[in-house]
Amino acid sequence: MELLKNFYVQRIVKKKITPLLPVNQDSIRTIGLVVDIQEQDRTEEIIQELVEQGFKKNQIYLLQYTKRKKKEQKEIDHLLSLKEVSWKGEIVHDYTNKFVQTPFDLLINYYDMEKMPLLLVTLFSKANFKVGFASVGKEINHLSVDTKPENVRTFVEELVKYLNILNKL
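None of these values were measured; they are calculated from a predicted model.

Brief notes about the overall build of the chain
Then, in step 1: Regarding its fold elements, the chain presents five helices and six strands.
Then, in step 2: Sorting the 169 residues of the chain into buried and exposed places 47% on the buried side.
Then, in step 3: For the chain, long-range pairs separated by at least 24 residues make up 61% of all intrachain contacts whose partners lie at least 6 apart in sequence.
Then, in step 4: Split by element, the accessible area of the chain, about 9,500 Å² in all, is 50% carbon and sulfur.

Okay, structure coming up:
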């Protein structure tokens, strides 16, 4: 059943992909962070690296994805699972809908495998500048960093380097 749902949502994602809008020249103040915690949860490490690079922790907003929520995770707002995505590719999770509608200055997509709920969030996000891994949908990110998720420090350093080049910091 899950495989079939992924197939339908994947078709919807492919139809909705459009060219990215031009990037505005505003500096980065708010950051949306989308993390796949299924393989390994690197959320705290990512946030710590961003803070060390000068970003403020209270300006980083989090959305985590897991395949299935465990009983103790049911009440966690910032946790998204496949259950909260309808067969029509609509997100039926209040926190995620608010996250997607927020016009972040920067959206960091910290996942390296194409999973439909993650792609939907990235695709529908109102963020001004989207960054992710080179292995995932080049047509949905403005900037792709070619590294592995284990290399959190390298990812953040490369991100900051390119944001400086683009005069976004």
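Having seen the model, we can carry on.
Here's the deal with helix H4 (residues 116-124)
At 3.6 residues per turn, the α-helix brings residues three or four places apart onto the same side.
Then, in step 1: Taking burial as the measure, the nine residues of H4 include eight buried ones, the bulk of the element.
Then, in step 2: What H4 keeps buried is the set Met116, Pro117, Leu118, Leu119, Leu120, Val121, Thr122 and Leu123.

Some words on the nonpolar core
Then, in step 1: One finds Leu33, Leu106, Ile108, Tyr110, Phe155 and Leu159 to be the most contacted residues of the largest nonpolar core, which totals 26 residues.
Then, in step 2: Breaking this core down by element, the ones donating at least two residues are strand E1 (31-36), helix H2 (43-52), strand E2 (60-65), strand E4 (106-110), strand E5 (130-133), strand E6 (143-145) and helix H5 (152-165).
Then, in step 3: Leu33 has contacts with Ile46, Ile47, Ile60, Tyr61, Leu62, Leu63, Phe99, Ile108 and Tyr110, leaving out every residue within four places of it along the chain.

Description of H2
Then, in step 1: Inspection of H2 places Thr43, Ile46, Ile47, Glu49 and Leu50 among the buried residues, and these make up the whole buried set. Taken around the axis of H2, the buried residues stretch over an arc of 160 degrees, which confines them to a single face.
Then, in step 2: Looking at the buried side of H2, the elements it contacts are E1, E2, E4 and H5.
Then, in step 3: Directly after H2, the chain includes Gly54, whose backbone phi takes a positive value near 110 degrees.

Considerations on the sheet that holds strand E3 (residues 79-80)
Then, in step 1: Taken in spatial order, the six strands make up an open sheet running E3-E2-E1-E4-E5-E6, and their pairing is parallel. Because the sheet does not close on itself, it has two edges, and the strands there are E3 and E6.
Then, in step 2: Pairing between E4 and E5: three bridges, direction parallel. Counted as the bridge partner of Leu107 is Lys130 from E5.
Then, in step 3: The strands touched by H5 within the sheet are E4, E5 and E6, with E4 carrying the most contacts at an inclination of about 150 degrees.

Points about the pattern of salt bridges
Then, in step 1: With the rule as written, the count across this model stands at five salt bridges.
Then, in step 2: Between Glu52 and Arg153 there is a salt bridge whose closest N-O contact spans 3.4 Å. One end of the pair, Glu52, is in helix H2; the other, Arg153, is in helix H5, with 101 residues separating them in the sequence.
Then, in step 3: Classification of Arg153 by relative accessible area gives partly exposed; the value is 43%.
Then, in step 4: Connected through salt bridges with shared partners, the residues Glu49, Glu52 and Arg153 form a single ionic network.

Quick look at the packing of aromatic side chains
Two aromatic rings, taken as a pair, are described by how far apart their centres are and by the angle between their planes.
Then, in step 1: Scanning the model with the defined rule gives six aromatic pairs in all.
Then, in step 2: With a centroid separation of 5.7 Å and 35 degrees between ring planes, the pair formed by Tyr61 and Phe104 is classed as tilted. Of this pair, Tyr61 sits in strand E2 while Phe104 sits in the loop between helix H3 (94-101) and E4, placing them 43 residues apart in sequence.
Then, in step 3: Phe104 gets classed as buried once you look at its relative accessible area, which sits at 2%.
Then, in step 4: For the ring pair Tyr110 and Phe155, a centre distance of 5.0 Å and an interplane angle of 80 degrees mean the geometry is edge-to-face.

What to know about the pairing of E4
Then, in step 1: E4 sits mainly inside the fold: five of its five residues count as buried.
Then, in step 2: Judged from the five bridges that link them, E1 and E4 form a sheet pairing that is parallel. Bridge pairing in E4 places Val35 opposite Tyr110.
Then, in step 3: Where the polypeptide runs from E4 across H4 and back to E5, its parallel neighbour, the crossover connection is right-handed.

About the thresholds
Residues numbered from 1 in each chain as written. Predicted model: local features only at pLDDT ≥ 70, side-chain atom pairs only at ≥ 80, totals over all residues. Heavy atoms only, no water. Helix = DSSP H or I, 4+ residues; strand = E, 2+ residues; numbered from the N terminus. Buried < 20%, exposed > 50% of the residue type's maximum accessible area, 1.4 Å probe, protein only. Contact = heavy atoms within 4.5 Å. Areas by Shrake-Rupley, 256 points an atom, 1.4 Å probe, with all protein chains shown as cover. Core = buried A, V, L, I, M, F, W, Y, C linked by side-chain atoms within 4.5 Å. Arc of directions from axis to C-beta. Pairing = 2+ DSSP bridges. Axes fitted to C-alpha atoms, helices over the stretch in contact; angles between N-to-C directions. Salt bridge = Lys/Arg side-chain N within 4 Å of Asp/Glu carboxyl O. Phe/Tyr/Trp six-rings, centres within 6.5 Å; stacked < 30°, edge-to-face > 60°. Right-handed = clockwise from strand over helix to strand, strands pointing away.

Everything listed is a geometric property; what it means functionally is a separate question.
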